[in-house]
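The chain contents come next:
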Amino acid sequence: MKRTGRQPPPPSGAVEKRVQRRRNGRMEPAADLVAAEVPIALSYNGEPFAVMMATPDRLEDFALGFTLSEGIAAADDVCVIAVEPSLEGISIRLSIPETAAAALAERRRNLQGRSGCGICGTESIEAVLRPPPPVGAGAPTTVAALERALGELRALQPLNALTGATHAAAWADAQGALVCVREDVGRHNALDKLIGALAREGVDFGAGFAVVTSRASYEMAMKAAQAGIAMLAAISAPTALAIALADSAGLTLIGFARDDGCVVYSHPHRLSASASEAAA
């Protein structure tokens, strides 16, 4: 994004950089807004657990959502003690019950997180492929509601509009109205931020559906199911392992969600062509 004259400081999650822009055969200096990406270190009860590369925005949402989507502790049992910036990155200290901390120690891992893959560095296959609990019944919805959510989401990604470098995860009610949107350079981080924000507000995960502006990898399906989300719609394709997990967890997994259609890969009963069909 080109910036000229006196401008307000960049919004949270964006950093201004001086660049050389070539246009119409000419090079000229310009200011450009790019997405911020920094190491975020998470520790529980004083013990380091993971370092993720993420956009430094809505970090309390991120910490809570990560804790829930990783099955570490329930929302009511998590307390964010401090968010501490430093020259190297940002540390987030959380407290959880001792029983949860003991269980966490059994699957201790040292993640070198990346914006492309949140499970890189996991120490065992069992830790990666842990089955989430089955999702609940969920709310039936319609194709029109999914299309409404997709349409609203286009206008609710301010950080991506400025930088062109972030994913979004959004929550819609059963009628497709968007309730919450979160952005991040990492697709899984955006979903964690969304889950955390919804949990902080006490939103019923069975009363709507999630939409993500990315592919539906295994991790995305796992995080959604772990949180109790019954339907996840992605604008790109799912992976085979994501479909297998969604099938076993009862998750309705949708890919290629566009204005002109979508593909339902598992549990299609929650998505109907019309409101009357959904009610039936």
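Remember, it's a predicted structure, so these values are computed and weren't measured experimentally. (Residues numbered from 1 in each chain as written. Predicted model: local features only at pLDDT ≥ 70, side-chain atom pairs only at ≥ 80, totals over all residues. Heavy atoms only, no water.)

Trainee: Whenever I open this one, the sheet that holds strand 11 (residues 208-212) confuses me. Can you help?
Mentor: Neighbouring strands of a sheet are bound in pairs by backbone hydrogen bonds; such pairs are parallel or else antiparallel. The 6 strands are arranged 10-9-11-12-13-14 in an open sheet whose pairing can be described as mixed. The strands lining the two open edges of the sheet, one partner per strand, are strand 10 (178-184) and strand 14 (261-266). Each adjacent strand pair in this sheet contributes to an overall mean axis angle of 20°, direction not counted. Inspection of the sheet shows strand 9 (residues 167-173) paired to strand 11 by 5 bridges, in the antiparallel sense. Bridge pairing links Trp 171 to Ala 210 in strand 11. Strands in contact with helix 4 (residues 143-154) are strand 9, strand 10, strand 11, strand 12 (231-234), strand 13 (252-258) and strand 14; relative to strand 11, the strand with the most contacts, it is inclined by about 45°. (Pairing = 2+ DSSP bridges. Helix = DSSP H or I, 4+ residues; strand = E, 2+ residues; numbered from the N terminus. Axes fitted to C-alpha atoms, helices over the stretch in contact; angles between N-to-C directions. Contact = heavy atoms within 4.5 Å.)

Trainee: Just to check I follow, could you spell out the packing of aromatic side chains for this structure?
Mentor: Given two aromatic rings, their pairing is described by the distance between the two centres and the angle made by the two planes. For the structure shown, the criterion picks out 4 aromatic pairs. Pairing Phe 62 with Phe 66 gives two aromatic rings, centres 6.2 Å apart and planes at 50°, and the pair type is tilted. Of this pair, Phe 62 and Phe 66 both sit in helix 1 (residues 59-69), 4 residues apart, which is roughly one turn of that helix. Classification of Phe 66 by relative accessible area gives buried; the value is 1%. Ring centres of Trp 171 and Phe 205 lie 6.0 Å apart, and the angle between their planes is 80°; this geometry places the pair in the edge-to-face category. Here Trp 171 is found in strand 9, whereas its partner Phe 205 is found in the loop between helix 6 (187-201) and strand 11, with 34 residues between them in sequence. Each member of the pair Trp 171 and Phe 205 is classed as buried. Three or more aromatic residues link up through ring pairs in this structure, and these residues are Tyr 44, Phe 49, Phe 62 and Phe 66. (Phe/Tyr/Trp six-rings, centres within 6.5 Å; stacked < 30°, edge-to-face > 60°. Buried < 20%, exposed > 50% of the residue type's maximum accessible area, 1.4 Å probe, protein only.)

Trainee: Help me understand helix 7 (residues 218-227) in this model?
Mentor: Each α-helix turn comprises 3.6 residues. Residues three or four places apart therefore point the same way. Along helix 7, 9 of the 10 residues are buried, which leaves the element largely enclosed by surrounding structure. Buried within helix 7 are the following residues: Tyr 218, Glu 219, Met 220, Ala 221, Met 222, Lys 223, Ala 224, Ala 225 and Ala 227. Positive backbone phi, at 95°, marks Gly 228, one or two positions downstream of helix 7.

Trainee: Before we go on, may I ask you to explain the confidence of the model for the protein in this structure?
Mentor: Predicted coordinates in regions of low pLDDT should not be interpreted in detail. When pLDDT is averaged across the protein, the result is 89; 87% of the residues are at 70 or more. Below a pLDDT of 50 lies the segment residues 109-114, which in the model reaches 26 contacts outside its immediate sequence neighbourhood of four places, other chains included. (pLDDT = per-residue confidence, 0-100.)

Trainee: Just checking my understanding: could you explain the layout of surface pockets for this structure?
Mentor: Left-over empty space is what a probe sized like a water molecule reveals as it rolls over the atoms. What the largest pocket holds in volume is close to 190 Å³. Lining the largest pocket, in full, are Pro 11, Ser 12, Asp 57, Arg 58, Leu 156, Pro 158, Leu 159, Leu 162, Val 181, Arg 182 and Glu 183. Going through the elements one at a time, helix 5 (158-163) and strand 10 are the ones with two or more residues in the lining of the largest pocket. Residues of the lining of the largest pocket, tallied by class, amount to 6 nonpolar, 1 polar and 4 charged. (1 Å grid on protein atoms, 1.4 Å probe; cavity = no way out; pocket = protein on both sides within 12 Å on 5 of 7 lines; lining within 4 Å. Points joined across faces, edges and corners; volume = space filled by probe spheres on them. Nonpolar A, V, L, I, M, F, W, Y, C, P; charged D, E, K, R; others polar.)

Trainee: Help me understand the pattern of salt bridges, please; the structure alone is not making it clear to me.
Mentor: Side chains bearing opposite charge may pair, as long as their charged atoms lie close to each other. This structure, assessed with the given rule, holds 11 salt bridges. Notably, a salt bridge pairs Glu 84 with Arg 93, separated by 3.1 Å at the nearest N-O pair. The exposure class of Glu 84 is partly exposed, given its relative accessible area of 34%. Salt bridges sharing partners connect three or more residues here, namely Glu 60, Asp 61, Arg 182 and Arg 200. (Salt bridge = Lys/Arg side-chain N within 4 Å of Asp/Glu carboxyl O.)

Trainee: Just to check I follow, could you spell out the side chain of Thr 142 for this structure?
Mentor: Here Thr 142 shows up in strand 8 (residues 141-142). Judged by relative accessible area, Thr 142 falls into the buried class, the value being 13%. At 3.1 Å, the side chain of Thr 142 forms a polar contact with the backbone nitrogen of Ala 145. (Polar contact = N/O pair within 3.5 Å; in protein donor to acceptor, adjacent residues only side chain to side chain.)

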